Amino acid sequence: MEVIIQPTAEEASALAARIFGVLVRSKPAAVLGLATGSTPLGLYAELIRLHREEGLDFSKVTTFNLDEYLGLGPEHPASYHHFMWENLFRHINIRPENTNLPDGLARDVATSCAVYEERIRAAGGIDLQVVGIGSDGHIGFNEPGSSLASRTRIKTLTERTRADNAPFFGPAEEVPYHVITMGIGTILEAREVLLLGFGPRKAEALAAAIEGPVSPMVPASALHFHPRTRALLDEAAAVRLQRGNYYRHVFANKPVWQRV
Ligand code: PGA
């Protein structure tokens with residue numbers, strides 16, 4: 001896993017956007033794996049800027065999101081459908097029919113999950129998947145204990161994750177107990193993965209994922225099985241890493257041809 005530490009979340013997000021931009025310019029019909037939550041907001045703001053100011057063209061791009069709350073329809077303000085439209089899709093020239101999220105209103109959840117996996121396969125697989133990390137080490141909504149081979153399915157959130165996500169819901173609203181999430185096995189099939197982690201609240205989970213043993217108890221650690229994962233952190237999220245200086249040294253001395 002390549003670990004890149006940037007001074008701020010803004011700089012790390014700009015680098016992540018550059019990585020997306022390089023892909024979309026070289027492969028206009030790229031398949032992007034997207035995430036929600038506070039972490040990718042800077043990335044999406046920068047992609048919007050690249051679209052508006054530098055003509056980054058999303059007209060042929062297809063997207064698949066990691067997860068969605070069960071029981072929330074696309075109109076619900078805390079649904080991830082709504083999040084994606086508000087924070088990215090409506091600001092760029094993506095075709096609505098090319099955007100995909102798990103169906104939070106699915107009646108037959110198992111079939112809906114299998115269909116989602118099939119849609120990813122039919123699109124040719126995901127070229128570049130962005131993931132955040134939960135304070136409990138989850139990626140997508142694969143909570144600790146998730147099978148490292150898991151596929152898109154229903155998961156029950158931990159109380160910690162429900163508390164972490166409560167700010168996205170109204171004061172009188174309950175955070176759903178269940179979600180549909182791509183599995184860890186699904187995520188590992190993306191051709192490239194970007195793990196983003198910002199701020200001191202993520203430092204412990206990131207240290208466990210990056211420098212601890214691979215374990216279902218830290219789902220993000222499964223990314224060590226992926227041959228092309230880059231972790232982009234800000235300094236605040238990197239404080240618990242033991243080899244921070246080495247990662248900075250590697251990035252500062254990258255051969256020119258290896259740079260983004
Ligand atoms: P956050 O969530 O970006 O809102 O911190 C990340 C995650 O739970 O994966």
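Note that the structure is a prediction, hence the values are computed from the model and not measured.

Caption draft 1: Representation of the pattern of salt bridges. Enumeration according to the criterion identifies 16 salt bridges in this entry. Between Arg49 and Glu54 there is a salt bridge, and its shortest N-O distance comes to 3.4 Å. Assessed through its relative accessible area of 44%, Glu54 is described here as partly exposed. Note that Glu159 and Arg162 form a salt bridge whose closest N and O atoms lie 3.0 Å from each other. Within this pair, Glu159 and its partner Arg162 are both found in helix α5 (residues 159–165), separated by three residues, close to a single helical turn. Given the relative accessible area of 52%, Glu159 is considered exposed. Note on Arg162: relative accessible area 9%, which makes it buried.

Caption draft 2: Region of the structure containing the sheet that holds strand β7 (residues 153–156). The sheet built from three strands is open, its strands ordered β4-β8-β7 with antiparallel pairing. On the outer flanks of this sheet lie β4 (67–69) and β7, each paired with one strand and no other. Strand-to-strand twist across the sheet, computed as the mean angle between neighbouring axes with direction ignored, equals 30°. Relative to strand β8 (residues 178–181), β7 is paired through four bridges, and the arrangement is antiparallel. Within β8, the residue paired with Ile154 across the bridge is Ile180.

Caption draft 3: Looking closely at the site of the ligand. Taken together, Gly37, Ser38, Thr39, Gly132, Ile133, Gly134, His138, Arg201 and Lys202 make up the full set of residues near the ligand. Between the ligand and Ser38, the relevant distance is 3.0 Å, taken from an oxygen atom to a main-chain nitrogen or oxygen of the residue. Take His138: an N or O atom from its side chain is 2.6 Å from an oxygen atom of the ligand. Bound to the protein, the ligand loses 88% of the 280 Å² it would expose on its own. Of the residues in the shell around the ligand, the class split is one nonpolar, six polar and two charged.

Caption draft 4: Molecular detail of the sheet that holds strand β2 (residues 31–34). If you walk across this open sheet you meet the seven strands as β1-β10-β9-β6-β2-β3-β5, and the pairing is parallel. Only two strands of the sheet have a single neighbouring strand rather than two, namely β1 (2–6) and β5 (99–100). With five bridges joining them, strand β9 (residues 192–197) and strand β10 (residues 229–234) adopt parallel strand pairing. Residue pairing in the sheet places Leu196 in a bridge with Leu232 of β10. On the sheet, helix α1 (residues 9–26) packs against β1, β2, β6 (128–131), β9 and β10 and is oriented at approximately 150° with respect to β10.

Caption draft 5: Geometry of the packing of α1 against helix α2 (residues 41–54). The contact between α1 and α2 brings their axes to 8 Å, and the two run at 50°. Compared by their axis directions, α1 and α2 come out oblique. Read as a crossing pair, α1 and α2 show a hand that is right-handed. Between α1, through Ser13, Ala14, Ala16, Ala17, Phe20 and Arg25, and α2, the contact on the second element is made entirely by Gly42, Leu43, Glu46, Leu47, Leu50 and Glu54.

Scoring rules and cut-offs
Residues numbered from 1 in each chain as written. Predicted model: local features only at pLDDT ≥ 70, side-chain atom pairs only at ≥ 80, totals over all residues. Heavy atoms only, no water. Salt bridge = Lys/Arg side-chain N within 4 Å of Asp/Glu carboxyl O. Buried < 20%, exposed > 50% of the residue type's maximum accessible area, 1.4 Å probe, protein only. Helix = DSSP H or I, 4+ residues; strand = E, 2+ residues; numbered from the N terminus. Pairing = 2+ DSSP bridges. Axes fitted to C-alpha atoms, helices over the stretch in contact; angles between N-to-C directions. Near = heavy atom within 4 Å. Polar contact = N/O pair within 3.5 Å; in protein donor to acceptor, adjacent residues only side chain to side chain. Areas by Shrake-Rupley, 256 points an atom, 1.4 Å probe, with all protein chains shown as cover. Nonpolar A, V, L, I, M, F, W, Y, C, P; charged D, E, K, R; others polar. Contact = heavy atoms within 4.5 Å. Parallel < 35°, antiparallel > 145°, perpendicular 65-115°, else oblique. Left-handed = near helix turned anticlockwise from the far one by under 90°.

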